[in-house]
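Here is what each chain is made of, one letter per residue.
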Amino acid sequence: MLPIVVMTAWGSVDLAVEAMRRGARDFIQKPWDNARLLAVLRTQVELAEALRHGQRLEAENLALRDSVLEPASELPQIVAESPAMKAVLKLVERIGPADANVLITGENGTGKEVITRALHAVSTRKSKPLISLNAGALAEGVFESELFGHVRGAFTDARTDRVGRFELADGGTLFLDEIANVPPSLQPKLLRVLETGEFERVGSSKTLKANVRILSATNADLKAEMAQGRFRQDLLFRLNTVELHLPALRDRHEDIRALAEHFLRQHRERYHRSTMGFTPEAFDALRAHSWPGNVRELDHVIERAVLMSPGNLVSDFDLALQIMPDERFSARLEEMSLEDAERLLIRKALARFGGNTNRAAEALGLSRSALYRRLQKYELS
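**Q** Is there a simple way to explain the overall build of the protein in this structure?
**A** Secondary structure summary: the protein contains 17 helices and 13 strands in total. Here the analysis covers contacts within the protein between residues at least 6 apart in sequence; of these, 69% occur between residues at least 24 apart.

Right, here's the structure in full:
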C-alpha cells in the first residue's frame, strides 16, 4: 500500500488520532516547514519500501518452506541402470540448459519432482529459485492468489499484500505439479502469463512482469482432458514445448535392486540401523512385486523394512509385500527381463524340491551342469 500523510490547516489532537486510526502514517499541520515536509515524505517512502521488502521476504519464507524442492542448484542423485531411465537422463541433459517449458508425465510416484530438480540444476537459471505449486492441493478460490499474489483487502482474509509464486520465481523456475487440476476459469490467465510474462495480483490493476521457466507435471492424460473440454489446447501447447515421460517402475526392472540399495543406505543412516543388505529371497520378492506406487512405494517399503528388520539383512518377511499367487506369475513373467525370469524360476524350483539340484534341474529341463552354471551366474546358493 502507498503511505499516506495527512496535511490540514485544522490541526487538533483528535483529528490527528483519527487520521492515524484510519491508516495515515504521519500528520502535518499548515503552514508547513519545507524541510520537515521533505524529511517526512522521504522517511515514509523509505519505510514503505522496507515494509514491502519485509512482506516479500515473509512471503518467500512461507512459500519456500512448502515449495522449494531442496537445494535447487544441486543435481539430485538419480538411480538409472535401465535403458528407459538412461534415455530420460539423456533428454534431461539435452533440454535442461534450454529455456523451453517442459511437461513431465508419468504415473504417481515415478519421480517427477526429482526430474524437475535435475532440469533446474543443469539450467542457466540454477542460481535462481526453484518454486513449486501443487495445483491439485488448492481450492479454486485460493489458486489465483497463490499463483499471482494479492493486495490487502482483495478478499475477506487478505489482511496484507502477498507475493505470488510467479513473482517469487522471477528469473528462476516455477514447477506446477498436477497441472491438469488448474481450474478452467483460471487457465486463460495462466496462458496469458506464459505468453507475455504479465499478470496482476488479485485485487490490483497494476500489471507486473516475471521472467519464469515453467516445468509442469501430471499423471493425467491431458489430450483426453482437452478432448473433454476441461483443458485448453493452446495452454497445453505452451506447457509442452518438450514432453518428458517417466516410465513406471515395472518397466525398469533393472533399477529395482539399485534403488532398493540406495534407499536402504539412506534409511540406515537416518535411523542409525546396522542393516547392511538384502537376502536373495528379498530381492526375488522385490522383483516379483508389481509396484503400483512406483519408486515412492519402493522407498516406503524399504524404510519400513529397515525399521522392522531384526538382523543385518532385510528378508522377504521384513518387506511385508503382498505375495502374488502362483497362477499370476505367468503375467508377471511377461513384464520381467529374461534374466530376472530365469532367476525367479530357478529359485522357485529349488524351493519346491528343498534345494535338491538334481530334481530342480529335471523340472526345469536342464542338465545338472547347465543348472550349476546358472546358479553361479546368478549367485544363487
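Structure shown, so let's carry the discussion forward.
**Q** Help me understand the environment of lysine 112, please; the structure alone is not making it clear to me.
**A** As for its placement among the helices and strands, lysine 112 is situated in helix 4 (residues 112-121). Given the relative accessible area of 9%, lysine 112 is considered buried. Here the alpha-carbon distance between lysine 112 and histidine 245, two residues 133 residues apart in the chain, equals 9.1 Å. Among residues more than four places away in sequence, those in contact with lysine 112 are Ile104, Thr105, Gly106, Glu107, Ala217, Thr218, Asn219 and Leu246. There is a polar contact of 3.1 Å between the side chain of lysine 112 and the backbone oxygen of glycine 106.

**Q** I keep staring at the pattern of salt bridges and nothing clicks. Help me out?
**A** Opposite charge on two side chains makes pairing possible when the charged atoms of those side chains draw close. In the structure shown here, the tally under the stated rule is 18 salt bridges. In this structure, aspartate 99 engages arginine 125 in a salt bridge whose closest nitrogen and oxygen atoms are separated by 2.8 Å. Here the residue aspartate 99 occupies a position in the loop between helix 3 (83-95) and strand 3 (102-105), and arginine 125 occupies one in the loop between helix 4 and strand 4 (130-134), the gap between them amounting to 26 residues. Residue class for arginine 125 comes out buried when judged on its relative accessible area of 5%. For aspartate 234, the salt bridge goes to arginine 232, with nearest N and O atoms at 2.8 Å.

**Q** Explanation requested: the side chain of aspartate 255 in the structure shown.
**A** Among the structural elements, aspartate 255 can be located in the loop between strand 11 (242-245) and helix 10 (256-271). Since its relative accessible area comes to 0%, aspartate 255 is described here as buried. One polar contact links the side chain of aspartate 255 to the main-chain amide nitrogen of glutamate 81, over a distance of 2.5 Å.

**Q** What am I meant to see in the nonpolar core here?
**A** Counting 31 residues, the largest nonpolar core has Leu147, Phe166, Leu174, Leu176, Ile179, Leu190 and Ile214 as the members making the most contacts within it. Mapped onto this core, the elements with two or more residues apiece are strand 4, helix 5 (140-148), helix 6 (165-168), strand 7 (173-177), helix 7 (187-196) and helix 9 (233-239). By residue number, the principal contributor to this core is helix 7, which donates 4 residues. Beyond its immediate stretch of four places on either side in the chain, leucine 174 contacts Ile131, Leu147, Arg165, Phe166, Ala169, Val212, Arg213, Ile214 and Leu215. Judged by nonpolar contacts, the second largest core, of 23 residues, contains Ile256, Leu264, Ile302 and Leu321.

**Q** Just to check I follow, could you spell out helix 12 (residues 294-308) for this structure?
**A** Owing to its 3.6 residues per turn, the α-helix aligns residues three or four sequence positions apart on the same side. With 15 residues, helix 12 extends 21 Å from end C-alpha to end C-alpha; this agrees with the ideal 21 Å at 1.5 Å per step. Every buried residue belonging to helix 12 is among Asn294, Val295, Leu298, Val301, Ile302, Glu303, Ala305 and Val306, and all of these are buried.

**Q** Would you mind going over unusual backbone geometry with me for this structure?
**A** Unusually for a residue other than glycine, tryptophan 291 sits at a positive phi of about 50°. For tryptophan 291, the location among the structural elements is in the loop between helix 11 (280-288) and helix 12. In this structure tryptophan 291 comes out as buried when scored by relative accessible area, which is 0%. Of note, the phi angle at asparagine 294 is positive, near 60°, even though the residue is not glycine. Mapping asparagine 294 onto the fold places it in helix 12. Look at asparagine 294 and you get buried, because its relative accessible area is 0%.

**Q** Is there a simple way to explain the packing of helix 11 against helix 15 (residues 338-352) in this structure?
**A** Two numbers describe a pair of packed helices, the interaxial angle and the distance between the axes. For the pair helix 11 and helix 15, the least separation of the axes is 11 Å and the interaxial angle reads 125°. On the basis of their axis angle, the class for helix 11 and helix 15 is oblique. Between helix 11 and helix 15 the crossing geometry is left-handed. When helix 11 is examined against helix 15, the residues Pro280, Glu281, Asp284 and Arg287 are found in contact with a partner set consisting of Asp340, Arg343 and Arg347.

Parameters at a glance
- Residues numbered from 1 in each chain as written.
- Predicted model: local features only at pLDDT ≥ 70, side-chain atom pairs only at ≥ 80, totals over all residues.
- Heavy atoms only, no water.
- Helix = DSSP H or I, 4+ residues; strand = E, 2+ residues; numbered from the N terminus.
- Contact = heavy atoms within 4.5 Å.
- Buried < 20%, exposed > 50% of the residue type's maximum accessible area, 1.4 Å probe, protein only.
- Polar contact = N/O pair within 3.5 Å; in protein donor to acceptor, adjacent residues only side chain to side chain.
- Salt bridge = Lys/Arg side-chain N within 4 Å of Asp/Glu carboxyl O.
- Core = buried A, V, L, I, M, F, W, Y, C linked by side-chain atoms within 4.5 Å.
- Expected span 1.5 Å × (residues − 1).
- Axes fitted to C-alpha atoms, helices over the stretch in contact; angles between N-to-C directions.
- Parallel < 35°, antiparallel > 145°, perpendicular 65-115°, else oblique.
- Left-handed = near helix turned anticlockwise from the far one by under 90°.

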